[in-house]
Structure formats: C-alpha cells, structure tokens
Amino acid sequence: MPRTLNLLIRSITNSPKFPLGVIGLAFSISFLLHLHALNIDLVSVHVWRQTETQTVINNFYKEDFNILNPRINYRRDGSGILRKEFPIMQWLFACFYKVFGEHIIISRLLTLWISFFSIFGLYQLLFKLSSDKTISAIGAWCLTFSPAFFYYSICPLPDNFALCLSIWGTTLFLTYLQNNRMKYFWGMTILLMVGTLAKLPYILFYAIPVFYFIQEKNRNALLKLFILAVSIIPVVIWYALAIPTWNNNGITTGIISNQMPISTWFYYLFSNLFSVFPELLLNYGSVGLFLIGAYFTLKYRPQQKKLFLSFLVCVFCVCIYFLFEINMIKDMHDYYLFPFLPFLFIVVAYGAKRLLALDKKAISFFVIISLCLLPLTTFLRMQSRWKIDSPGFNKDLYTYKNELRTISKPSDLVVVGNDVSQFIFLYYIDRKGWVFNENQLDAQTLQQMIQKGAKYLYTDSKVIQEKGELKPNIEEEVFHKGSIIVYKLKG
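Predicted, not measured: the structure shown is a model, and the values here were computed from it. Within each chain, residue numbers correspond to sequence positions counted from 1 in written order. In keeping with the predicted nature of the model, local features appear solely for residues at pLDDT of at least 70, side-chain atom pairs appear and are counted solely at 80 or more, and the whole-chain, interface and lining totals rest on all residues. As a rule here, side-chain values come from all non-hydrogen atoms in the structure, and water together with hydrogens is ignored.

## Some remarks on the overall build of the chain
Thinking step 1. Each helix is a run of H or I in the DSSP string that is no shorter than four residues. Each strand is a run of E no shorter than two, and both are numbered from the N terminus. Looking only at helices and strands, the chain features 24 helices and 5 strands.
Thinking step 2. For 491 residues, the compact-globule formula gives about 23 Å, and the C-alpha radius of gyration of the chain, at 25 Å, lands near that figure.
Thinking step 3. Based on the C-alpha atoms only, the size of the chain along its principal axes is roughly 80 × 60 × 50 Å.
Thinking step 4. Remark: exposure states derive from per-residue accessible area (1.4 Å probe, protein chains only) relative to the maximum for the residue type, with buried under 20%, exposed over 50%, and partly exposed in between. For the chain, with 491 residues in total, the buried portion stands at 53%.
Thinking step 5. Note on areas: Shrake-Rupley, 1.4 Å probe, and residue coverage restricted to the protein chains presented here. When the accessible surface of the chain is totalled, it reaches about 22,600 Å², and 63% of it is carbon and sulfur.
Thinking step 6. This count recognises Lys and Arg as positive and Asp and Glu as negative, with His and chain-terminal groups excluded. We put the charge of a Lys on NZ, of an Arg on CZ, of an Asp on CG and of a Glu on CD. Charge centroids of the chain, computed over 46 positive and 29 negative side chains, lie 15 Å from each other. Only C-alpha atoms enter the radius of gyration, while the globule expectation follows 2.2 Å times N to the 0.38, with N the number of residues.

Here you go:
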C-alpha cells in the first residue's frame, strides 16, 4: 500500500498539468472559503484601516474623482483631503464603482483578484528562480493559505496592491536577466515605482535590482541604476508633499523618537518572532518546511551568487524596516509585515524541494499531508474574523447603519463619538464632519461646531447623552436604538 501511494503521488506531481492544477485549486478553495464574507461590511481586525481606505474609495466615487485629492469623512468643515500613500488602488476601485455602483462586495472581489495575482506572481517568481513548476506551485499554495494573507485577501488595504506589484516587479527583473530584453526592465521599473507609491515600505524591493547592478560594475549597469533612480523621483515628490501633513505620525519616526521601554521592545520582538511569524504569516503547517529551507539555504548557498546576495540584501533591508517600525507594528499590525511574505515562501518552497528530493515515502507523505492541512488550519484560525457579533467596534453601528444613514441629508455635517479611530463611525453612517473620543465634547466646542455647519449629533456615549451642559445646543432627539442616540442640533 505505501508503495502504491508513493507511486500515485509521484505520478500526480510529475504530471505537466499538476502545477496549474494546484494554482487553480488554491484559487477555488480560497474563493469558496471567502464566499460567506464577500458581502459583509467592513468588520474585525484592523477595521480602522479598512474603513479609512474604503472612505477614500467612496469619496472618489461620490465627490471628487481627482486622484491627487483623496478625501476622508473626518474633515470638520474643511475639504477632507488627506494625502498619505498615493491612492492609486483606491482610485482604480472607484473606477469600478462608477460602473457598478457603491457596493462593498466590489472592493472585496477586487482585493481578492489582487491577491490571486500575487499568488500567481509568486509562482512565476519561484519558477524563474528554480525552473521547477511543481515546487513553484507548492510555494504559491502555501502563500494562499498564509493566515494573514488569507484574511486580508478580501480586505481593502493598499498593502495588498503594493505587495502584488512588488512581486511582479521582482519577477520581471528575473525575466529581464534571463532574456536581456528591455521591455521587461521597463516593466519592472514601472511596477516597483507604482508599488512604492501605493505603499512606501515597498521601496525596499528596489534593493534587489539595485544591488545586482552595483555588483555588475559596468557602464550598462550604471545606466540601469540611473533609470531606477529617476523612477523614484515621483515617489519622492509625492511623499515630500504628503509626510509633513501627517502630524507627527509615529510611522515616520519609528523607534528613534519613541519612548518605549526596552522591555516592551523585546516583548514585541519575541511576540512577532514566535507568534505572528509562525502562526499568522507562515501558518504552523508551513513552519517545518520553512525551517528546513532556511537550514539548507544557509548550508548550501545558491550558485547564482550575485542574485542570491541581492535577495539577501533586500531581506536585510526588510528586517531593518521591521525593527525600525516595531513601535507601530507592535504585536498586532501583521499587514505591516507583508514585505516578508515573498521571501518567507521562497524559503518554504525550497524546503519542500529539498525534502521531496530525498525521495523517501514517509517524508513525501509528510509534505503532502502538511500541504493538504493548510486550508483547514487557515480557515479555522481566521473564520471568526468575519462574525458580525463581534465586529471590532460598537455592534449597534453595524445593526442600525441603514437607519442611521436616513436620518440626515448626505450633505449635512455631523458630530459623532466616541470613536478613537476617527473613521469607523462616520463610515457606517456615511456622513462627514467632526469626531470626538473619550467623551471630550463640551458645550462651547459643540456650539463652535454648530456655527461651522454641524446639524446632528450621533453618539453611543452615555456620558454625552446625560451631559446637561449640551442640552441648550440640542433641538430634539430624533433616533434612539440600542446604545446610539441621534440629536438634531439647534442652528
């Protein structure tokens, strides 16, 4: 029986249709496992960042289609323009909204397609490195069922888009090295540039071609380095204009100006290394393959030394980025770690290759079982994240969102709170205006908001609801369900 099983495994994996079959199966299983959540509004882990992104998409669609003017709802009585990452993904999503209307399923499906392109891009990247379609398919399969990647596969975040472009940019770089055709070089340059515009940390992927051409030490390589440098100019211009408006954002200063105790720093470091990386980025089912791949990578360095060193430099840069931003990443912002994903699964694929090359029945069986368990372990780990009973904010906002959106006119400015995120409350009532938190709203401040155009006060705070000093500014209560009360303000 073991001999028959081994022969069956070998015949399947040696089939020319096996790699694309694996990719197709990965897509199908991923789609089916996400199907129940495609029409669920934004909830769960990091819904704060998701609603921020989706708000920009919605405002491109409904208000201002100028890609240079991304707008948020927390705008007080101003324009709401907030320039952070270059909003190319948000703008492209809004193009689909122009055609199909405003539906959250569009953002989820588009994000899923981006994730599928990332998976297929990793397959192509691995094939360029290994010339082995089976191992490339295994690496792509493992990426599909990385728990963090799986969860964010339908969450509208620019990180998905930047990751996809960076993977494909690196793939085109390898294609250029093999074919020496400039169209691949230009394609790589454009993809890396747009990926970096979409999310600044992905500038780290420039390290691969830059360090490779530095090692070439010839005039042609110097020209390539010059072109790559020129391609960064739009990135520099955008972020030079955007970053000064971020108001001391901790992302730009990292650990330099952070007062985090060294004990906390080590706690976050070890929490990521021993929890986030193996459980959320890799999946416990891939950890064994990763460790084996890492061992053989260190023991037997690849023959293409220049390329290996280029990838190694990029990994080093990503590690420096991780250590620099650890005060922001903490032990929760796993999507900040997406730049690690291609390298993690290159090592996973290499580990699978080394094990399968041993041609041992028990080892081959272990690899196949590990791979088959990945979808199950990922789904069991992540399926609770789309439960609307615990959306990550006041459930009443989700329950009564349609009613809350009919109380005031879309053009009315409103005051909402409590909301530490500044995005979730306004997203769910689909209005613009002011946000307060920790019950920080007094009569004088509210009166100033009314003078600037505030028409309604939406609040789930009992403290605010019972605050007597606010009553002179309130005309009447117009809604009360669950914990949320809406007041019409005197104007």
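From this point, the discussion proceeds with the structure in view.
## A look at the side chain of Glu-52
Thinking step 1. Here Glu-52 lies in helix H3 (residues 47-62).
Thinking step 2. Among all residues touching Glu-52, those that are not within four sequence positions of it are Leu-82, Lys-84 and Phe-423. Contacts are assigned to residue pairs that have any heavy atoms within 4.5 Å of one another.

## A few points about the pairing of strand S4 (residues 474-481)
Thinking step 1. Taken together, the 6 bridges between S4 and strand S5 (residues 484-489) define a ladder with antiparallel strand orientation. By the bridge assignment for S5, Lys-481 is matched with Ile-484.
Thinking step 2. Linkage of S4 to S5, two consecutive antiparallel strands, is achieved through a turn of 2 residues, within which Gly-482 is found at a positive phi near 60°. Here, a strand pair is defined by DSSP locating no fewer than two bridges between the strands.

## Section: the packing of helix H5 (residues 104-130) against helix H6 (residues 133-144)
Thinking step 1. Only the stretch in contact is used when a helix axis is fitted, and all axes are lines through C-alpha atoms; the angle between N-to-C directions ranges over 0 to 180 degrees. Remark: H5 packs on H6, axes separated minimally by 8 Å, with the N-to-C direction vectors making an angle of 145°. H5 and H6 meet at a crossing whose hand is right-handed. Residues Ser-118, Ile-119, Leu-122, Tyr-123, Leu-126, Phe-127 and Ser-130 of H5 pack against Lys-133, Ile-135, Ser-136, Ala-137, Gly-139, Ala-140, Leu-143 and Thr-144 of H6.
Thinking step 2. For the contact of H5 with H6, a count of residues per class yields 9 nonpolar, 5 polar and 1 charged. Handedness of a helix crossing follows the sense of rotation of the near helix relative to the far helix, less than a right angle counterclockwise being left-handed and clockwise being right-handed. Amino acids outside the nonpolar list (Ala, Val, Leu, Ile, Met, Phe, Trp, Tyr, Cys, Pro) and the charged list (Asp, Glu, Lys, Arg) are all regarded as polar, and Gly is one of them.

## Description of the nonpolar core
Thinking step 1. The definition of a nonpolar core used throughout is a set of buried Ala, Val, Leu, Ile, Met, Phe, Trp, Tyr and Cys residues joined through side-chain atoms within 4.5 Å. The biggest cluster of nonpolar side chains holds 142 residues, and the ones touching the most others in it are Phe-345, Leu-397, Leu-404, Tyr-428, Ile-429 and Tyr-458.
Thinking step 2. Among the elements that make up this core, the one with the highest residue count is H5 (11 residues).
Thinking step 3. Not counting the four nearest positions on each side in its chain, Tyr-428 is found in contact with Asp-41, Leu-42, Val-43, Phe-393, Leu-397, Tyr-398, Lys-401 and Arg-405.
Thinking step 4. Ranked by size, the runner-up nonpolar core spans 17 residues in total, among them Leu-413, Ala-443, Ile-450 and Ile-485.

## Points about the sheet that holds strand S1 (residues 413-417)
Thinking step 1. In space, the 5 strands of this open sheet follow the order S2-S1-S3-S5-S4, with mixed pairing throughout. Edge positions in the open sheet fall to strand S2 (432-435) and S4, since each of these has one partner strand only. In this sheet, adjacent strand axes meet at a mean angle of 25° when their direction is disregarded.
Thinking step 2. Looking at chain direction, strand S3 (residues 454-459) and S5 are connected through 4 bridges and run antiparallel. Each bridged residue has a counterpart across the sheet, and for Leu-457 the counterpart in S5 is Tyr-487.

## Thoughts on the side chain of Lys-401
Thinking step 1. With respect to the helices, strands and loops of the structure, Lys-401 is situated in helix H21 (residues 401-407).
Thinking step 2. Given a relative accessible area of 15%, Lys-401 falls into the buried group.
Thinking step 3. Not counting the four nearest positions on each side in its chain, Lys-401 is found in contact with Asp-41, Asp-396 and Tyr-428.

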